[in-house]
Amino acid sequence: MSSSTTVRTARRRTLRIAVVALAAASGLTLTACSGSDAADAKSAGHTNTSSAAAESTASGWSGVQTADAKAGAADKQSNKQSGNAHATNGGRSAAPVRTQRLADGISKAEIYKLGDQHYRAKIVARGSVLATLETKGRDDGLDANDMFVTLTLDGQVHSWMGGGHQGPGTFKLAGGWTAKVTKVGELRYRAQIIGHDGLAATMETDQHDVGLDANGIYIVLSNGGVISAHE
């Protein structure tokens, strides 16, 4: 081989080595750039996820609660339970304003005030409620097996035993009153209460006993037509 041929061969080898080295360097540079871009993309991805999570938590959509969120939820639950307790207390029946023994010596009346001139009396014996009287713009009354009870608009209870008259008919009552009792239907009687000046009041049952305070004379008319008065 001539010297010129040897020189050309050496130059080609050097050129090839240089090209390979350049390609390798270029590859390394591309790889480094790609790695940097991937890292940046990954970093950006984490940042966006954290931001989304923060926004989600702030708007109440996050499934993971922070300590403040848990505390807030606990406060809401506590308030809800407190509200329920108040509602429960508000729904309880009021205690009676007083309890009064009745004429039979066994039963008693528990008197409740429901409003202005609005009272209720529960007739209780041996722990059981036997009947209920209630004033709704007028007095009320009851014939309880020949014990008569009245409840007046001012919440007073009066009771007595016996003295009943079976209607229809006209009967003299305590206090100088006269009662004219007539039957107007099934379990329905009417009593005209007549005084010295004529007709003073009218009582009428409609499947329910009725009572009246006639100037301190207490009158009961039963749905069976029995009338009794007491002073």
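Everything below is about the structure shown above.
Residues numbered from 1 in each chain as written. Predicted model: local features only at pLDDT ≥ 70, side-chain atom pairs only at ≥ 80, totals over all residues. Heavy atoms only, no water.

The pairing of strand 9 (residues 169-172) with strand 10 (residues 178-185) spans four bridges and is classified as antiparallel. Of the residues in strand 10, the one forming a bridge with Lys172 is Thr178. Connecting strand 9 to the antiparallel partner strand 10 that follows it, the hairpin turn spans five residues, and Gly175 within it adopts a positive phi of roughly 80 degrees. Of the pairings in the sheet, the one linking strand 10 to strand 11 (residues 188-195) comprises seven bridges and is antiparallel in character. Residue pairing across strands places Gly185 opposite Arg188, the latter belonging to strand 11. Remark: two residues form the turn of the hairpin made by strand 10 and strand 11, two consecutive strands paired antiparallel; Leu187 in that turn has positive phi of roughly 55 degrees. (Pairing = 2+ DSSP bridges. Helix = DSSP H or I, 4+ residues; strand = E, 2+ residues; numbered from the N terminus.)

Further remarks concern unusual backbone geometry. That bond from Gly167 to Pro168 is cis: its omega, 0 degrees, falls within 30 degrees of zero. Assignment of secondary structure puts Pro168 in the loop between strand 8 (165-166) and strand 9. Positive phi values are uncommon outside glycine, yet Asp146 reaches one of about 75 degrees. You can see Asp146 is positioned in the loop between strand 5 (140-144) and strand 6 (147-151). Although it is not a glycine, Leu187 adopts a positive phi angle of roughly 55 degrees. Take Leu187: it is sitting in the loop between strand 10 and strand 11. Overall, Leu187 belongs to the partly exposed group, its relative accessible area being 39%. (Buried < 20%, exposed > 50% of the residue type's maximum accessible area, 1.4 Å probe, protein only.)

This next bit is on the pattern of salt bridges. Inspection of the entire model under this criterion finds three salt bridges. Salt-bridge contacts for Glu134 lead to Arg120; the nearest nitrogen and oxygen are separated by 3.1 Å. Separated by 14 residues along the polypeptide, Glu134 in strand 4 (residues 128-134) and Arg120 in strand 3 (residues 118-125) bring together distant segments of the chain. Judged by its relative accessible area of 27%, Arg120 falls in the partly exposed class. Among the salt bridges present, the one from Glu204 reaches Arg188, with a minimum N-O distance of 2.9 Å. Taken as a pair, Glu204 in strand 12 (residues 198-204) and Arg188 in strand 11 lie far apart in primary sequence, 16 residues in all. For Glu204, a relative accessible area of 26% gives the class partly exposed. (Salt bridge = Lys/Arg side-chain N within 4 Å of Asp/Glu carboxyl O.)

This brings us to the sheet that holds strand 6. The three strands are arranged 5-6-7 in an open sheet whose pairing can be described as antiparallel. Sheet topology places strand 5 and strand 7 (157-161) at the edges, where each strand pairs with a single neighbour. Put simply, the sheet's adjacent strands are angled 15 degrees from each other on average, direction ignored. Summarising the sheet, strand 5 and strand 6 pair through five bridges and their orientation is antiparallel. In the strand pairing of strand 6, Asp143 is matched with Phe148. (Axes fitted to C-alpha atoms, helices over the stretch in contact; angles between N-to-C directions.)

This brings us to the packing of aromatic side chains. For the structure shown, the criterion picks out one aromatic pair. Where Phe148 meets Trp160, the ring centres are 5.9 Å apart and the plane angle is 20 degrees; that geometry is what we call stacked. Here Phe148 is found in strand 6, whereas its partner Trp160 is found in strand 7, with 12 residues between them in sequence. The exposure classification of Phe148 matches that of Trp160, with both residues buried. (Phe/Tyr/Trp six-rings, centres within 6.5 Å; stacked < 30°, edge-to-face > 60°.)

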